[in-house]
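# Chains, contacts and geometry: an overview
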Amino acid sequence: MAILVINCGSSSVKFAVFEQGSAEALVTGIVDQIGSANVGGSYKLNDGTKQKITCQVGADHTAVLAAILDALKADEALQNVAITAVGHRVVHGGEKFAEPVLIDADVLAGIRELSSLAPLHNPANADGIEAASTLFPGVPQVAVFDTAFHQTIPPHVFRYAVPDALYHEHNVRRYGFHGTSHDYVSAETIRKYDLDPVRAKVLVAHLGNGCSATAVVGGRSCDTTMGITPLEGLMMGTRSGNVDPNLHSYLAENTGMSLDEITEMLNKKSGFAGLSGISNDLRELAVAYEEGHGGARLAVEVFCFRLARELAGLTVSLDGVPDAIAFTGGIGENSKLVREKTVRYLKFLGCELDVARNEVNGGDSNGVISVEGSKGPLIAVVATNEELAIAEATAEVAQPEGN
Ligand code: AMP
């Protein structure tokens, strides 16, 4: 009984296999550069062994998934693994999908229909579903949506102040993303620190290549920083986050850039990469920051200030001081610099950081990085695990309890 988790991007397929009921993946892997001559990848077993996956040039998602399966089937260490369900990460569920669902023809058509809201992601997700359905006939396929967790956000929070018809005719509203991670991390925070599951007010800062923060009350998302696309909100590795909505027209008039070029610049050349002029990767920037590099210092300062400002803003949706603030994702789990600078701005909420605990990512204190006995919010590093969350949701939907 094993669950295969698939995350199909436009040019990559990430995957993981979990034995049902186990939190540790048996295998994790990726094939990328689909569509190029370099298509190929590798996977890692839970004993650390790494193996290559070879794909034919020109391989599409179906061929790539078949190559992944062939590689796994041929691996002696995986001979006893039988895939009993497949879970798919799907980026946009719109308003149609508020929870994980068993995939049938209608669901697949629904995912394709939502492609206008996520043109880079939903078509690839749907291709992955079709490919997996062909390769695993009769095996239940489940879609787990990045947007679903945020469907509890109320209208006065999710609506933009633009003409009403744009919402009804063109689905213009805030949706939010990273929902699987925000759901998992807020639930973990409540569980690990024994908070009241019904009333706990938790802020989750998911800080990875993409970054978003969410206000969660009693396990329900009530506000988040991303919008109709994952560009809104926090500054990110290569994304600007919030800018003046008139920036497109200003740049078009003053630089001659096209709409596509400006959109590309805001998504791919901004954030840490754009401000620092060095890198989108905080590991590199943290070193440059210590060396006094002006661009790196500015990028880190802007990132932390904006993050703190958004977290403070989200407390309005919590209707009070948070019980806990959880840092997660590659940056949230590893960067003492970002956590320290951000929490410093939030002293007015009673936040008190324990510098020694923060230094080791809370590793000696069960993730907690706030001062022992602090009357302010508990501040913690809580590792996310989107693949595990998808595997658990898939197991639940594919095989409801009692069946
Ligand atoms: P994710 O998308 O969650 O895998 O996060 C990726 C990002 O996390 C990378 O681009 C880095 O900027 C950041 N990151 C990973 N490890 C570290 C680290 N040790 N220190 C600072 N940032 C890190």
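Residues numbered from 1 in each chain as written. Predicted model: local features only at pLDDT ≥ 70, side-chain atom pairs only at ≥ 80, totals over all residues. Heavy atoms only, no water.

The protein chain is annotated in an unreviewed UniProt entry as Acetate kinase from Sulfuriroseicoccus oceanibius. The Subcellular location (unreviewed entry) field of the UniProt record for the protein chain holds the comment "Cytoplasm". According to UniProt, the comment filed for the protein chain under the heading Catalytic activity (unreviewed entry) is "acetate + ATP = acetyl phosphate + ADP". (UniProt positions renumbered as here; feature names shortened; annotations may be inferred.)

## As for the site of the ligand
In the region of the ligand, the neighbouring residues are Gly-208, Asn-209, Asp-281, Leu-282, Arg-283, Gly-329, Gly-330, Ile-331 and Asn-334. Contact between the ligand and Asp-281: an oxygen atom at 3.2 Å from a side-chain N or O atom of the residue. Backbone polar atom of Leu-282 to an oxygen atom of the ligand: 2.8 Å apart, as the coordinates give it. Protein chains bury 71% of the 500 Å² of accessible surface belonging to the ligand in isolation. Looking at the shell around the ligand, the elements that each hand over two or more residues are helix H10 (282-290) and helix H12 (329-334). Here the shell around the ligand is composed, by residue class, of two nonpolar, five polar and two charged. (Near = heavy atom within 4 Å. Polar contact = N/O pair within 3.5 Å; in protein donor to acceptor, adjacent residues only side chain to side chain. Areas by Shrake-Rupley, 256 points an atom, 1.4 Å probe, with all protein chains shown as cover. Helix = DSSP H or I, 4+ residues; strand = E, 2+ residues; numbered from the N terminus. Nonpolar A, V, L, I, M, F, W, Y, C, P; charged D, E, K, R; others polar.)

## Focus on helix H8 (residues 259-268)
For H8, the complete set of buried residues consists of Ile-262, Met-265 and Leu-266. Down the axis of H8, the sector holding all buried residues measures 95°, keeping them to one side. Exposed side of H8, more than 90 degrees from the buried face: Asp-260 and Lys-268 are the residues found there. Contacts from the buried residues of H8 go to helix H7 (247-255). (Buried < 20%, exposed > 50% of the residue type's maximum accessible area, 1.4 Å probe, protein only. Arc of directions from axis to C-beta. Contact = heavy atoms within 4.5 Å.)

## Points about the pattern of salt bridges
Overall, the coordinates contain 15 salt bridges when judged by the stated rule. Of the charged contacts in the structure, one is a salt bridge between Arg-112 and Asp-127, with a shortest N-O distance of 2.9 Å. Of this pair, Arg-112 sits in helix H2 (residues 105-113) while Asp-127 sits in helix H3 (residues 122-135), and the two are 15 residues apart along the sequence. Judged by relative accessible area, Arg-112 falls into the partly exposed class, the value being 32%. (Salt bridge = Lys/Arg side-chain N within 4 Å of Asp/Glu carboxyl O.)

## Quick notes on the environment of Leu-349
Here Leu-349 is to be found in the loop between helix H13 (336-345) and helix H14 (355-359). Separated by 27 residues in the primary sequence, Leu-349 and Gly-376 have C-alpha atoms spaced 6.9 Å apart.

## Brief notes about unusual backbone geometry
Residue Asn-171 is not a glycine yet carries a positive backbone phi of 60°. Mapped onto the elements of the fold, Asn-171 is located in the loop between helix H5 (164-170) and helix H6 (179-192). Judged by relative accessible area, Asn-171 falls into the partly exposed class, the value being 36%. The backbone of Asp-194 shows a phi angle near 55°, a positive value even though the residue is not glycine.

## Details of the sheet that holds strand S11 (residues 220-224)
Working definition: the strands of a sheet are paired by backbone hydrogen bonds and lie parallel or antiparallel to each other. Taking strand neighbours across the sheet as the criterion, the five strands line up as S11-S10-S9-S12-S13 in an open arrangement whose pairing is mixed. Looking along the sheet, the strands with just one partner apiece sit at the ends: S11 and strand S13 (378-381). When the angles between neighbouring strand axes are averaged without regard to direction, this sheet yields 25°. Strand direction decides the pairing type here: strand S10 (residues 211-217) and S11, joined by four bridges, are antiparallel. Across the sheet, residue Val-216 finds its bridge partner in S11, namely Ser-221. Docked against the sheet, H6 engages strand S9 (201-207), S10, strand S12 (324-328) and S13, running at close to 130° with respect to S9. (Pairing = 2+ DSSP bridges. Axes fitted to C-alpha atoms, helices over the stretch in contact; angles between N-to-C directions.)

## Let's talk about the UniProt feature "binding site: Mg(2+)" (unreviewed entry) in the protein chain
When the UniProt feature table is mapped onto this chain, "binding site: Mg(2+)" (unreviewed entry) is found at Asn-7 and Glu-386. A stretch of 380 residues holds the annotated residues, and the largest C-alpha distance among them is 10.2 Å, short enough that they meet in one place. By secondary structure assignment, the location of Asn-7 is in strand S1 (residues 2-8). Those residues in contact with Asn-7, other than ones at most four positions away along the chain, are Ser-12, Val-13, Lys-14 and Arg-89. Tracing the backbone through its elements, the reader meets Glu-386 in helix H15 (residues 386-398).

## Some words on the packing of aromatic side chains
All chains considered together, the criterion is met by four aromatic pairs. Consider the rings of Phe-158 and Tyr-167, whose centres lie 6.0 Å apart with planes at 45°: the pair is tilted. Of the residues examined, Tyr-167 reaches a relative accessible area of 17% and is grouped as buried. Their ring planes at 75° and their centres at 5.5 Å tell us that Phe-305 and Tyr-345 sit as a pair that is edge-to-face. Highlighted residues: Phe-305 in helix H11 (residues 294-318) and Tyr-345 in helix H13, separated in sequence by 40 residues. (Phe/Tyr/Trp six-rings, centres within 6.5 Å; stacked < 30°, edge-to-face > 60°.)

## Notes on the UniProt feature "binding site: substrate" (unreviewed entry) in the protein chain
As annotated by UniProt and renumbered to match this structure, "binding site: substrate" (unreviewed entry) occupies Arg-89. Here Arg-89 shows up in strand S6 (residues 83-90). Setting aside anything within four residues of it in sequence, one finds Arg-89 in contact with Ile-6, Asn-7, Asn-125, Val-144, Asp-146 and Ile-390. At 3.5 Å, the side chain of Arg-89 and the side chain of Asn-7 are in polar contact.

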